[in-house]
Structure formats: C-alpha cells, structure tokens
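Fold and contact review
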Amino acid sequence: MEKYRAVLSFCLAFLLLFLPLKAFADEGEQKISDVVTEYYSPELTDPPIFDATETVAPIGAVLEIPAKSCILMEVNTGQILYESESHKKLAPASITKVMALLLVVEAIDSGLLSTDTVITASDYACSMGGSQIWLEPGEQMNVDDLLKAAVIGSANDATVALGEAVAGSEEGFVKMMNDRAAELGLKDTNFLNSTGLDADGHLTSAHDIAVASCELIKHDIIKNYSTVWMDSLRNGKSELVNTNKLVRFYEGCTGLKTGTTSIAGACLSATAERNGLELCAVVMGSGNSNDRFQGARKLLDYGFANYTYITASADAAELKPIEVKGGTKDFVLPICNKKQSFLIEKSKAKNITVITELPNELKAPIEQGQQIGVARVKIGDEEIGTVPITAEFSVGKMTLWNAVKQMLGAIFAV
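Quick notes on the rules
Residues numbered from 1 in each chain as written. Predicted model: local features only at pLDDT ≥ 70, side-chain atom pairs only at ≥ 80, totals over all residues. Heavy atoms only, no water. Pairing = 2+ DSSP bridges. Helix = DSSP H or I, 4+ residues; strand = E, 2+ residues; numbered from the N terminus. Buried < 20%, exposed > 50% of the residue type's maximum accessible area, 1.4 Å probe, protein only. Lys, Arg positive; Asp, Glu negative; His and termini not counted. Salt bridge = Lys/Arg side-chain N within 4 Å of Asp/Glu carboxyl O. Polar contact = N/O pair within 3.5 Å; in protein donor to acceptor, adjacent residues only side chain to side chain. Contact = heavy atoms within 4.5 Å. Phe/Tyr/Trp six-rings, centres within 6.5 Å; stacked < 30°, edge-to-face > 60°. Axes fitted to C-alpha atoms, helices over the stretch in contact; angles between N-to-C directions.

**With respect to the sheet that holds strand β12 (residues 331–332)**
- Pairing within the open sheet is mixed, and its 3 strands lie in the order β12-β11-β16. Strands at the two margins of the open sheet, each flanked by one partner only, are β12 and β16 (361–363).
- Note: strand β11 (residues 322–325) against β12, 2 bridges, orientation antiparallel. Counterpart to E323 in the pairing with β12 is F331.

What follows is the structure, given as structure tokens:
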C-alpha cells in the first residue's frame, strides 16, 4: 500500500509542476470539489505573464493596475508610495489570514504557543469549506505544520485550529483580530471569520491589509513559511504548493498571502526585499489570478525602481568641543554615533545635505548621552529628518565642595 501511495504522490507532484490544472480550485475560493483542495491552484504551473520589456513608470505616473484597489507601502516606515482607491471596503478572501497569522506569530513570541505545540483538531475546525488539508476530528498536528498549511496552502481548517489554540474558539479569535486591527488604526476593517470565506459584512481595504502585512512580515518566523514554494505534511503524504507564484518568479519575494472568492475576486498581499528596501504591494478585486500577480509585480517594480534608503549622520569634522559654563569640566565633546536611514526618491539622492546645529556654549550639569544638538537632513529646502547629537560624557555642576576637591587635587598633584 505504501508503495502505491509513493507512486501516487510522485504523479501528483509531476502534474503540479508540468501540467495546467485549470479545473482545480483557487486558494481562497469556497469549496468547489470534495476531492481537490485549495493549494492546487489553477495557474500554479504556468509562469505569470510578466512583460520583462515593460518600462517601469516614474514617480507621479498613473499605474495601470488590474484591480479594484491597490497600494504600495514601505514596510519599515509605513510610507505609502502609491495607492488607488486604497480605503475602499472590499471582501478580502484569504488575505484575511494576514491578521490571523499575525496573532499566531505574536502568540509564539509571547510564549503562549511554540512551533512544537501539538494542537488537536476540533469538529468545528474540520468543518471548514474552501481550501483545506482535510483535518480529521481529533487529528493532532503541531503549530509548525499548521502554519505550513495556512501560509503555503491557505488551509482554512488549519487556520481555524490555530485560532482556537490562541483564543479558545474562532469567535474569540475573530474578536482578537478586530481588536488588533483597532490597535493598528485600521478603520476600514470588520472581520467576521478568520479564513476569508465570503460573509456579508466581512470587509477590509488594501490599506488595512498592507498595514497588517507590514506588521506580520517584521516577524522573521513567518518567512520560514511564506518563502517556501513546495513542502509536505503527514510524512510526505500531503503535498503543499505555495499559492503565491511570486515566491518562485519574483526576485526578492518574501511572501505573503493570496485570496480568491467569487465575491472578492483575486486578491494578493505581496512582500519583497531588495538591497535593504522592503515593500508590500496589495491588490484587491482583480478579475483573475494572473492579474493580481501582474498588478503586484508592477507595484513592486515601481517601488524598487524609484526609491532607495540613504543613511545620514553629522559630519565628524563639525563635532568640536563645546564650552561648558559652571561645570566641573571646561568643555564637553559632542558625538553622533547613530546613522539614521531615510527613504527617498532615487532621483533626489544627489541633493541630500546635512546641516549640523550645535550651541556655542552649554550650562552644567550635562548628562552623558543627553542631546545637545541635531543634524538636519534635507533634500533642497525640505527637511526629511534629523539625527540627534549627544554628549560623550557627563559634566557635573560646579559647587563649593567640587571647587575645594579640585583645588586639593591640584595641590597634592604638585
């Protein structure tokens, strides 16, 4: 029997890699077949139709994104680099799982769960429709494998099982998702489930998904799953193929989540990193799977082509001793041992200037590390940020006792 299973597994893997499986259900769609699960995505075997010769649009251009709404956000700063109808409330399909996964990784960080924690599948978790790994009631699987299923295969049953482990029930977990959304300032979001299956009133926006995605991708653990193209569960008996084709076909892709239902259309939250610049592109309401990948690729290309990080600090030659009045020392040394990073348009990189501002004198007392000046970073006349200049050492206030000690020290030193 094991021999036949091995042969069947090989055949399935062969089909996934080399044949167009157009009859299979996409990752976020509600259950189409009792045989096929979501992670057998319709176009997984076909390379995305990316036009390698297409010129990347300059800043200020209107991008033709085949979606109802979209946004491009820089992960670390949350700066919006491009958007179109980004606050439009739409059905999100399985990109709902971005928030669910954020709560799971935060539970791991807090110690509530570990990747080795074994979870027993409930009857409710096993009853989910749409994409799934066909958990059986009472089946046990650790968090690591359930995360594989939820992230790589977009499995609804695995997602609900993880949510129940975090909050005790999906209802409680969904409340946590909405509470976390409120903490992040997401005003367009109302989750009714953790999976993304269509429900009246289950809505969010490209903007809100981007903010949650940026928060999620900052947890390195998620990349252990979101960057994987193929994997397996149950000792190789269950194959997983990532529903996000960009993982295989886009340089620097780090994730993150796809989603499709008949109401939501094709959705995608895509993250990628190049040369220290990490971006998140969200497209919602595309007409088909390839449009969402094409749209996200165009947004990411736009970001990488037009933006970069620069680091700035004060000019060391300008950090000269500053006279201290009424202090136990006559001067203090200013230092600027931090370099700040700033996201800028590449075309403006040559116009960066740093202006150092320091006082001519200071009054004691001065604490070590106290800010005593600032380096202003500018592009032309526009200030884009500052870098603090601090005192290298403390300078106490001169008192009668300090004066006596200094006098006695000078006498005995002779």
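That covers the picture; the talk isn't over yet.
**A few points about the side chain of E164**
- Along the polypeptide, E164 turns up in helix α5 (residues 156–167).
- Buried and without a salt bridge, E164 has R234 as its closest oppositely charged side chain, separated by 14 Å.
- Within the local environment of E164, its side chain forms a polar contact with the side chain of S122, the two groups lying 2.8 Å apart.
- Setting aside residues up to four positions removed in sequence, E164 forms contacts with S122, Y124, A125, S169 and E170.

**What about the packing of aromatic side chains?**
- The tally for this structure, following the rule as stated, stands at 2 aromatic pairs.
- Taken together, a centroid distance of 6.4 Å and an interplanar angle of 80 degrees make the contact between F331 and F393 edge-to-face. Of this pair, F331 sits in strand β12 while F393 sits in the loop between β18 (382–391) and α11 (400–413), and the two are 62 residues apart along the sequence.
- Residue F393 is classed as partly exposed on the basis of its relative accessible area of 21%.

**Notes on the sheet that holds strand β1 (residues 69–74)**
- With antiparallel pairing, 5 strands are arranged side by side in an open sheet as β2-β1-β9-β8-β7. This sheet does not close on itself; its edge strands, each paired only once, are β2 (80–84) and β7 (253–261). With direction set aside, neighbouring strand axes in the sheet form an average angle of 5 degrees.
- Inspection of the sheet shows β7 paired to strand β8 (residues 265–274) by 8 bridges, in the antiparallel sense.

**Here's the deal with the pattern of salt bridges**
- A complete count under the given rule lists 14 salt bridges for this structure.
- Here D179 makes a salt bridge to K175, at a shortest N to O gap of 2.9 Å. Within this pair, D179 and its partner K175 are both found in helix α6 (residues 170–183), separated by 4 residues, close to a single helical turn.
- Judged by relative accessible area, D179 falls into the partly exposed class, the value being 36%.

**Remarks on the pairing of β18**
- As judged from the 2 bridges shared by strand β13 (residues 334–335) and β18, these two strands associate in the antiparallel manner. Paired with P334 across the two strands is A391, which belongs to β18.
- Of the pairings in the sheet, the one linking strand β17 (residues 371–379) to β18 comprises 8 bridges and is antiparallel in character. Its bridge partner being in β18, Q371 is matched across the sheet by T390.
- The antiparallel hairpin formed by β17 and β18 contains 2 residues in its connecting segment, where G380 sits at a positive phi of about 65 degrees.

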